[in-house]
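# Examining the three-dimensional arrangement
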Amino acid sequence: MKKLFTTLLVMLVVTAANAQRKTDTFTTPTGKNVTITCIKHASLEINFDGTEIQIDPVTDGALPMTDYSTFPKANIILITHEHQDHFDLQAIGSLRHPATIIYEPASVYNRWFNGFAISNGDSVYISDNIQLKAVPAYNTTPGREQFHPKGRDNGYILILDGFRIYIAGDTEDIPEMAELGPIDVAFLPCNQPYTMTTDQLINAAKIIRPKVLFPYHYSNTPIAKVPMMLAGSGIDVRIRDYK
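What this report covers is the structure whose coordinates are included nearby. (Residues numbered from 1 in each chain as written. Predicted model: local features only at pLDDT ≥ 70, side-chain atom pairs only at ≥ 80, totals over all residues. Heavy atoms only, no water.)

On to the pairing of strand β10 (residues 153-160), then. The buried fraction of β10 amounts to eight of the eight residues, a majority that puts the element mostly inside the structure. Residues Asp153, Gly155, Ile157 and Ile159 line one face of β10 and the alternating positions Asn154, Tyr156, Leu158 and Leu160 line the opposite face, and both faces are buried. Hairpin connection, β10 to strand β11 (residues 163-167): the antiparallel pair is bridged by two residues, and Asp161 has positive phi, about 55°. (Buried < 20%, exposed > 50% of the residue type's maximum accessible area, 1.4 Å probe, protein only. Helix = DSSP H or I, 4+ residues; strand = E, 2+ residues; numbered from the N terminus. Pairing = 2+ DSSP bridges.)

Right under this line is the structure:
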């Protein structure tokens, strides 16, 4: 009976989380829809003209627990790095089908020898109107370098029919951000000491100047002041439940 009660409780929590997920829809230069669904922490879903893309899907490595069997099967899965709140074989198994394409840094590939390893600076055309670029993601503050060493992990620029999404991964405000080019939507992390402080997030946003900014991976960092700190910058800051 206790096991049954626990199972029902988990199902109720997962169902409630599903119902509360926030979506944002954008339009590409040729009029195709890009819908971004907030899942949690560093996990998000992107649907582009019927193509399902999952970013860092995690079942319970970051709470709340996510039941990925309730999502459509993914055409593309992107993994930024090897930490348990970004790389989870259970979640990948729930989303994967024989034709699913998975891209990841070499450090992740070397753990399970599946998918395709892609390194900082690499660029691939997944289809005629989907391009992926792997960009650096690392710590720079003295004493933090061990969390995300330079060259190991990936951020990604996902270009969907000309619409450019920057998924920063776990990083600080690194110099390479000045070289990203125009960005329509940016996901920037904010939870010191592992990623950026609030001030670093603001600095990164001013360097990148995305049209829309989603702070994510923020855990208990107080980010409510971020929209105020970027007031007048022309950046549309949207706070979603990426705790």
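And the narrative resumes.
On to the sheet that holds strand β4 (residues 51-55). Read from one edge to the other, the open sheet built from seven strands follows the order β1-β2-β3-β4-β5-β6-β7, with strand pairing classed as mixed. Looking at the sheet topology across the chains shown, the edges are occupied by β1 (23-27) and β7 (116-117). With five bridges connecting them, strand β3 (residues 43-48) and β4 associate as antiparallel partners. In the strand pairing of β4, Asn47 is matched with Glu52.

Comment: phi is negative for the bulk of residues other than glycine, and the bulk of peptide bonds are trans. Of the consecutive residues Leu63 and Pro64, the connecting peptide bond is found in the cis state with omega at 5°. Among the secondary structure elements, Pro64 is positioned in the loop between β4 and β5 (76-78). For the peptide bond that leads from Gln192 to Pro193, omega is 5°, which places it in the cis range. Take Pro193: it is sitting in the loop between β12 (185-189) and α4 (198-208). Even without being a glycine, Asp161 presents a positive backbone phi close to 55°.

Structurally, the position occupied by Asp24 is in strand β1. Each C-alpha atom of the pair Asp24 and Thr35 lies 5.7 Å from the other, and the pair is eleven residues apart in sequence. Those residues in contact with Asp24 that sit more than four places away from it in its chain are Val34, Thr35, Ile36, Phe214, Arg238 and Arg240. Looking at Asp24, its side chain comes within polar contact range of the side chain of Arg240, at 2.8 Å. (Contact = heavy atoms within 4.5 Å. Polar contact = N/O pair within 3.5 Å; in protein donor to acceptor, adjacent residues only side chain to side chain.)

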